[in-house]
Amino acid sequence: MLQALSIRDIVLIDRLDIDLSVGLSVLTGETGAGKSILLDALALALGARGDGGLVRKGVHQGQVRAVFELPQPLPTALKHVLDDQGIEHEGELLLRRTQSADGRTRANVNDQPVSVGALREIGRHLVEIHGQHDDRALVEPDAHRALLTIFGGLEDKAAQVAAAYDALRGEERKMKSLTAEVAKAEAERDYLIASVEELTALSPEPGEEEALASRRGAMMAAEKIASELKDASDELFGSSGPMPVIGQVIRRLERKADTMPTYLPAVVEALDAVLRHLDEANANLDGALRETEFSPQELESAEERLFALRAAARKYSVAVENLPDLAVRLADDLGQLNAGTDRLAQLQRSVDDARSHYDALAADLADQRGHAAAALSEAVMDELPDLKLGDARFLVKMEANPEHRSADGIDSAEFWVQTNPGTNPGPMMKVASGGELSRFLLALKVALADRGSAPTLVFDEIDTGVGGAVADAIGARLARLSHRVQVLSVTHAPQVAARAAQHLLISKSPSEESGVAGTQVELMDDAQRREEIARMLSGALITEEARAAADRLLAS
């Protein structure tokens with residue numbers, strides 16, 4: 001409930017603090033005293049559009065603070081909003097709005113900065129304002145279906161429908177994604193088949209390019225050195241090489257060794273050493289030639305394989321080392337394409353099952369809402385005669401379209417009225433006049449009682465233009481409604497004011513300091529209430545008859 005409202009420097013209000021109680025509180029006063037200013041200030045604290053023109057003349061900013069005692073248990077929707085904003089929701093909740101003269105505004109909840117949108121979302125769970133020309137009341141068609149759900153106690157069924165819708169949308173998203181994948185793969189079928197066949201035939205191996213390049217380099221180097229070794233062998237050990245000549249020299253010298261025993265043996269021995277070294281060199285050359293031996297076909301095969309791998313890498317725009325992974329991926333894509341039809345069929349069955357489940361739940365919810373609509377219409381109709389709307393009709397226009405699926409169901413609801421026999425019914429906001437709309441809303445709120453209502457309801461002059469009996473009926477219904485929720489009513493009807501648990505008088509008087517007229521609010525005692533109700537009955541001149549009538553109203 002709204003515990004307190006503090007207003008600073010808003011229009012005609014310099015400084016105003018109001019404490020409010022449970023039950024029915026009424027605000028009365030002369031026309032122009034500032035009752036609408038109070039509601040505008042409250043709406044500002046609840047997130048209404050700001051306006052620099054609301055700031056009192058001569059100051060740079062105004063401020064409105066609204067203190068609420070949170071209902072227990074806390075409604076789920078309000079708890080979610082507060083949790084989303086990281087706001088504690090134990091004890092009191094303080095909403096503060098600062099309006100600057102330049103049009104800028106600031107919003108705080110429990111002294112924590114929030115956006116105006118967040119403030120508005122929190123405010124709509126705390127207070128509803130209803131008036132003859134008030135677009136802030138919860139009378140939008142979008143809210144009617146939710147009200148029916150609450151009135152019928154169908155919240156669990158609505159939650160099941162929402163969950164089923166989420167599940168259906170999830171399966172449909174999977175279906176859409178897989179369909180796109182299969183369609184893309186189908187368009188590339190020929191390419192995939194040819195690529196998989198080519199890469200399967202090529203069969204690239206990890207690290208193969210490096211090994212082939214290394215082997216090819218080694219064989220090309222060996223081919224070059226082998227030629228040099230062969231030339232060296234031919235020059236040194238061929239028929240024209242030095243070994244035969246040295247051998248002949250050694251034999252001739254050995255035949256003459258006896259003639260020169262001092263010199264020739266040493267020469268022959270040295271030449272023998274040369275031959276031995278040449279034999280060793282020849283053996284080493286033979287070993288080297290054997291080491292460099294390779295098959296030309298092996299070199300050709302390595303080069304062909306290497307060139308084939310590099311050509312494939314260029315064709316598929318990948319590194320040679322990535323060809324094995326590419327081969328696996330393309331084979332998987334082809335496999336998915338081949339299995340796509342089966343997967344699509346399976347997924348289609350899942351979608352169909354999810355849709356059937358949703359349709360069954362949504363159809364049942366729509367049917368239950370239809371029963372709730374009939375019950376709500378009957379309850380509202382029961383209230384209309386005493387509100388001087390006996391010839392009017394209230395009905396809930398329900399429409400259901402199984403193809404129009406949403407998280408809220410397949411049906412829609414809108415409150416319609418027929419104000420006079422023979423006229424066409426239509427949406428309540430369009431057909432009803434200002435006074436009629438207020439009474440329809442009152443009847444609706446009484447029928448809903450504590451279901452579908454914010455914990456605080458504000459009615460702005462809903463008794464305008466009605467007679468005593470109707471005003472008394474309005475007062476009775478406001479009092480009955482106040483047993484469930486806190487009710488604030490701005491009224492000109494003494495029959496309504498007499499039923500209040502708290503009576504606040506709004507007046508306008510000059511400030512002692514500045515002399516500028518400002519709005520004041522006073523909580524009246526019993527004697528003051530008697531005088532105010534008598535004034536409401538008789539006008540400016542209060543008569544004893546008016547006081548006696550006021551006593552009768554208060555007593556009744």
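Everything below is about the structure printed above this text.
Just so it is clear, the model here is predicted, and its values are computed rather than measured. (Residues numbered from 1 in each chain as written. Predicted model: local features only at pLDDT ≥ 70, side-chain atom pairs only at ≥ 80, totals over all residues. Heavy atoms only, no water.)

### Quick word on the overall build of the chain
Counting its regular elements, the chain contains 17 helices and 15 strands. Against the compact-globule benchmark of 24 Å for 556 residues, the chain has a radius of gyration of 50 Å, which places it well outside the compact range. Projected onto its principal axes, the C-alpha positions of the chain cover 180 × 60 × 35 Å. Residue burial in the chain is summarised as follows: out of 556 residues, 43% are buried. Accessible surface, the chain as shown: approximately 29,100 Å² in total, 50% of it carbon and sulfur. (Helix = DSSP H or I, 4+ residues; strand = E, 2+ residues; numbered from the N terminus. Rg over C-alpha atoms; globule rule 2.2 N^0.38 Å. Buried < 20%, exposed > 50% of the residue type's maximum accessible area, 1.4 Å probe, protein only. Areas by Shrake-Rupley, 256 points an atom, 1.4 Å probe, with all protein chains shown as cover.)

### Describing the nonpolar core
The biggest cluster of nonpolar side chains holds 53 residues, and the ones touching the most others in it are Leu376, Phe394, Phe440, Ile474 and Leu478. When residues of this core are assigned to their parent elements, the largest contribution, 9 residues, is made by helix α13 (residues 434-448). Here phenylalanine 394 is in contact with Leu376, Ser377, Val380, Met381, Leu384, Phe415, Trp416, Val417, Met428, Phe440 and Leu444, once residues within four sequence places are set aside. Core analysis: the next-biggest nonpolar cluster, separate from the first, contains 46 residues, Ile18, Leu38, Ala45 and Ile129 among them. (Core = buried A, V, L, I, M, F, W, Y, C linked by side-chain atoms within 4.5 Å. Contact = heavy atoms within 4.5 Å.)

### Focus: the packing of α13 against helix α14 (residues 468-481)
Two elements in contact, α13 and α14, have axes whose closest approach is 10 Å; the angle formed by their N-to-C orientations is 35°. By crossing handedness, the relation of α13 to α14 is classed as left-handed. Across the interface between the two elements, Arg439, Leu442, Lys445 and Val446 of α13 pack against Val470, Ile474, Arg477, Leu478, Arg480 and Leu481 of α14. Of the residues in the contact of α13 with α14, the class split is 6 nonpolar, no polar and 4 charged. (Axes fitted to C-alpha atoms, helices over the stretch in contact; angles between N-to-C directions. Left-handed = near helix turned anticlockwise from the far one by under 90°. Nonpolar A, V, L, I, M, F, W, Y, C, P; charged D, E, K, R; others polar.)

### Thoughts on helix α17 (residues 544-555)
With 12 residues, α17 extends 16 Å between its outermost C-alpha atoms, agreeing within 8% with the 16 Å of an ideal straight helix rising 1.5 Å per residue. Residues of α17 that are buried include every one of Ala546, Arg547, Ala549, Ala550 and Leu553, and no others. Buried residues of α17 fall within an arc of 160° about the axis and therefore sit on the same side. The exposed residues of α17 that point more than 90 degrees off its buried face are Glu544, Glu545, Arg552 and Ala555. Close packing links the buried residues of α17 with α15 (494-497) and α16 (526-538). (Expected span 1.5 Å × (residues − 1). Arc of directions from axis to C-beta.)

### Side note on the sheet that holds strand β1 (residues 2-10)
Taken in spatial order, the 6 strands of this open sheet run β2-β1-β4-β5-β6-β7, and their pairing is antiparallel. Edge positions in the sheet fall to β2 (13-19) and β7 (112-114), since each has one partner strand and no second. Ignoring strand direction, the axes of neighbouring strands in this sheet form an average angle of 15°. Pairing analysis gives 3 bridges linking strand β6 (residues 105-109) to β7, with the strands arranged antiparallel. Note that in β7 the partner of alanine 107 across the bridge is valine 114. Along the sheet face, helix α1 (residues 35-45) touches β1, β2, β4 (61-69) and β5 (92-100) and points at about 105° away from the line of β1. (Pairing = 2+ DSSP bridges.)

### Thoughts on the pattern of salt bridges
For the coordinates displayed, the defined rule picks out 30 salt bridges. Here aspartate 102 ties to arginine 104 by a salt bridge, and the two come within 2.8 Å at their closest N and O atoms. We note that aspartate 102, like arginine 104, is exposed. One salt bridge in this structure joins glutamate 171 and lysine 174, with 3.5 Å as the shortest N-O distance. Of this pair, glutamate 171 and lysine 174 both sit in helix α5 (residues 155-187), separated by 3 residues, roughly a single helical turn. Residue lysine 174 is classed as partly exposed on the basis of its relative accessible area, which comes to 49%. In this structure, a network of salt bridges that share partners links the residues Arg169, Glu172, Asp352 and Arg355. (Salt bridge = Lys/Arg side-chain N within 4 Å of Asp/Glu carboxyl O.)

### Side note on the side chain of glutamine 486
On the secondary structure map, glutamine 486 appears in strand β13 (residues 486-490). Among the polar contacts made by the side chain of glutamine 486, one reaches the main-chain carbonyl oxygen of serine 21 at a distance of 3.0 Å. (Polar contact = N/O pair within 3.5 Å; in protein donor to acceptor, adjacent residues only side chain to side chain.)

### Details of the environment of glutamine 297
One can find glutamine 297 in helix α10 (residues 296-316). When the C-alpha atoms of glutamine 297 and asparagine 284 are compared, they prove to be 26 Å apart, with 13 residues separating the residues in sequence.

### Quick look at unusual backbone geometry
Positioned with a positive phi, serine 203 is a non-glycine residue whose angle comes to about 50°. Structurally, the position occupied by serine 203 is in the loop between α6 (189-202) and α7 (208-237). With relative accessibility at 35%, the residue serine 203 sits in the partly exposed group. With phi around 55°, serine 317 is a residue other than glycine that occupies positive phi space. Along the polypeptide, serine 317 turns up in the loop between α10 and α11 (323-383). For serine 317, a relative accessible area of 67% translates into the label exposed.

### Remarks on a positive patch on the surface
Side chains of Arg251, Arg252, Arg255 and Lys256 sit close together on the surface and give a patch of like positive charge. Among the secondary structure elements, lysine 256 is positioned in the loop between α8 (242-255) and α9 (264-291). A relative accessible area of 53% places lysine 256 in the exposed class. (Patch = residues over 30% accessible without salt bridge, like charges linked within 9 Å, V, L, I, M, F, W, Y side chains within 5 Å. Lys, Arg positive; Asp, Glu negative; His and termini not counted. Charge placed at Lys NZ, Arg CZ, Asp CG, Glu CD.)

### So, α1
Judged by how many residues are buried, α1 sits mostly within the fold: 9 of 11 residues are covered. Those residues of α1 lying buried are Lys35, Ile37, Leu38, Leu39, Ala41, Leu42, Ala43, Leu44 and Ala45. Immediately downstream of α1, the backbone of glycine 47 shows phi near 105°, a positive value.

### Considering the packing of α16 against α17
In the contact formed by α16 and α17, the axes pass within 8 Å of each other and the chain directions differ by 115°. As the angle between them shows, α16 and α17 are arranged roughly perpendicular. Here α16 runs over α17; the crossing is right-handed. When α16 is examined against α17, the residues Arg529, Arg530, Glu531, Ile533, Ala534, Leu537 and Ser538 are found in contact with a partner set consisting of Ala546, Arg547, Ala549, Ala550, Asp551, Leu553 and Leu554. (Parallel < 35°, antiparallel > 145°, perpendicular 65-115°, else oblique.)

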